[in-house]
Amino acid sequence: MMNTLFRTQIVSGNLTVYMDDMAVHTKRKEGETKADHVKRHRRIVSKILKTLESNNLYLNIDKCEFEQLHIDFLEVCVENNQLKMEDGKVEKVKSWLPPRNLKEVQ
């Protein structure tokens with residue numbers, strides 16, 4: 001349902017939807033001022049919110065964050081046009097002990 005409602009935003013690369021999680025992300029276009037970028041981002045967010053409302057879908061405001069430079073989405077950190085694993089997850093993997101036998105490898 002969400003993929004159908006937001007097909008345009010998903011295809012344009014401005015929205016990622018996974019089950020009931022959504023992330024709106026825009027990249028500053030070449031020659032675009034910061035103010036123009038924020039205006040464009042807000043127009044996209046507004047359109048998404050209107051689509052949600054017109055389909056009787058609602059957001060949990062306690063889980064919403066707007067205009068963030070850094071987000072953690074689906075256990076991945078998104079910042080400065082880069083994706084990286086959350087530091088806590090990386091540390092857990094680093095602390096794994098090497099397998100000692102075939103059973104532990106499986």
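Residues numbered from 1 in each chain as written. Predicted model: local features only at pLDDT ≥ 70, side-chain atom pairs only at ≥ 80, totals over all residues. Heavy atoms only, no water.

Chemist: Sorry if this is basic, but what is going on with the pairing of strand β4 (residues 76–79) here?
Modeler: In this structure, strand β3 (residues 70–73) lies alongside β4, joined through four bridges in antiparallel fashion. Considered in β4, the bridge of His70 is made with Glu79. Connecting β3 to the antiparallel partner β4 that follows it, the hairpin turn spans two residues, and Leu74 within it adopts a positive phi of roughly 55°. Judged from the four bridges that link them, β4 and strand β5 (residues 82–85) form a sheet pairing that is antiparallel. Looking at β5, one finds that Cys77 is bridged to Lys84. (Pairing = 2+ DSSP bridges. Helix = DSSP H or I, 4+ residues; strand = E, 2+ residues; numbered from the N terminus.)

Chemist: What is the right way to read helix α3 (residues 34–54) from this model?
Modeler: An α-helical turn contains 3.6 residues, so a residue and the one three or four places further along point in the same direction. When the terminal C-alpha atoms of α3 are compared, their 30 Å separation across 21 residues agrees well with the 30 Å that a helix rising 1.5 Å per residue should span. Three or more residues of α3 are buried, namely His37, Arg40, His41, Ile44, Val45, Ile48, Thr51 and Leu52. Buried residues of α3, seen end-on, are gathered within an arc of 135° and therefore sit on one face of the element. Relative to its buried face, α3 has exposed residues pointing more than 90 degrees away, namely Arg43, Lys50, Glu53 and Ser54. Positive backbone phi, at 55°, marks Asn56, one or two positions downstream of α3. (Expected span 1.5 Å × (residues − 1). Buried < 20%, exposed > 50% of the residue type's maximum accessible area, 1.4 Å probe, protein only. Arc of directions from axis to C-beta.)

Chemist: Before we go on, may I ask you to explain a nonpolar patch on the surface in this structure?
Modeler: Taken together, the side chains of Leu49, Leu59, Ile61 and Phe66 define a hydrophobic patch exposed on the protein surface, amounting to about 380 Å² of accessible area. Among the structural elements, Leu59 can be located in the loop between α3 and β3. (Patch = residues over 30% accessible without salt bridge, like charges linked within 9 Å, V, L, I, M, F, W, Y side chains within 5 Å. Areas by Shrake-Rupley, 256 points an atom, 1.4 Å probe, with all protein chains shown as cover. Salt bridge = Lys/Arg side-chain N within 4 Å of Asp/Glu carboxyl O.)

Chemist: How do you make sense of the layout of surface pockets when you look at a structure like this?
Modeler: Gaps left between atoms are located by rolling a probe of water-molecule size over the structure's atoms. Looking at the largest pocket, its volume works out to about 1600 Å³. If you go around the largest pocket, you meet 43 residues; those closest to its centre are Ala23, Val24, His25, Glu65 and Ile71. Elements represented by at least two residues in the lining of the largest pocket include exactly β2 (21–24), α3, β3 and β4. By residue number, the principal contributor to the lining of the largest pocket is α3, which donates nine residues. Counted by class, the lining of the largest pocket contains 19 nonpolar, 12 polar and 12 charged residues. (1 Å grid on protein atoms, 1.4 Å probe; cavity = no way out; pocket = protein on both sides within 12 Å on 5 of 7 lines; lining within 4 Å. Points joined across faces, edges and corners; volume = space filled by probe spheres on them. Nonpolar A, V, L, I, M, F, W, Y, C, P; charged D, E, K, R; others polar.)

Chemist: Would you explain the sheet that holds β5 in this entry?
Modeler: Within a sheet, each strand pairs with its neighbour through backbone hydrogen bonds, oriented either parallel or antiparallel. Pairing in this open sheet of three strands is antiparallel, and the strands run β3-β4-β5 from one edge to the other. The strands lining the two open edges of the sheet, one partner per strand, are β3 and β5. Within the sheet, the average angular offset between the axes of one strand and its neighbour, ignoring direction, is 25°. (Axes fitted to C-alpha atoms, helices over the stretch in contact; angles between N-to-C directions.)

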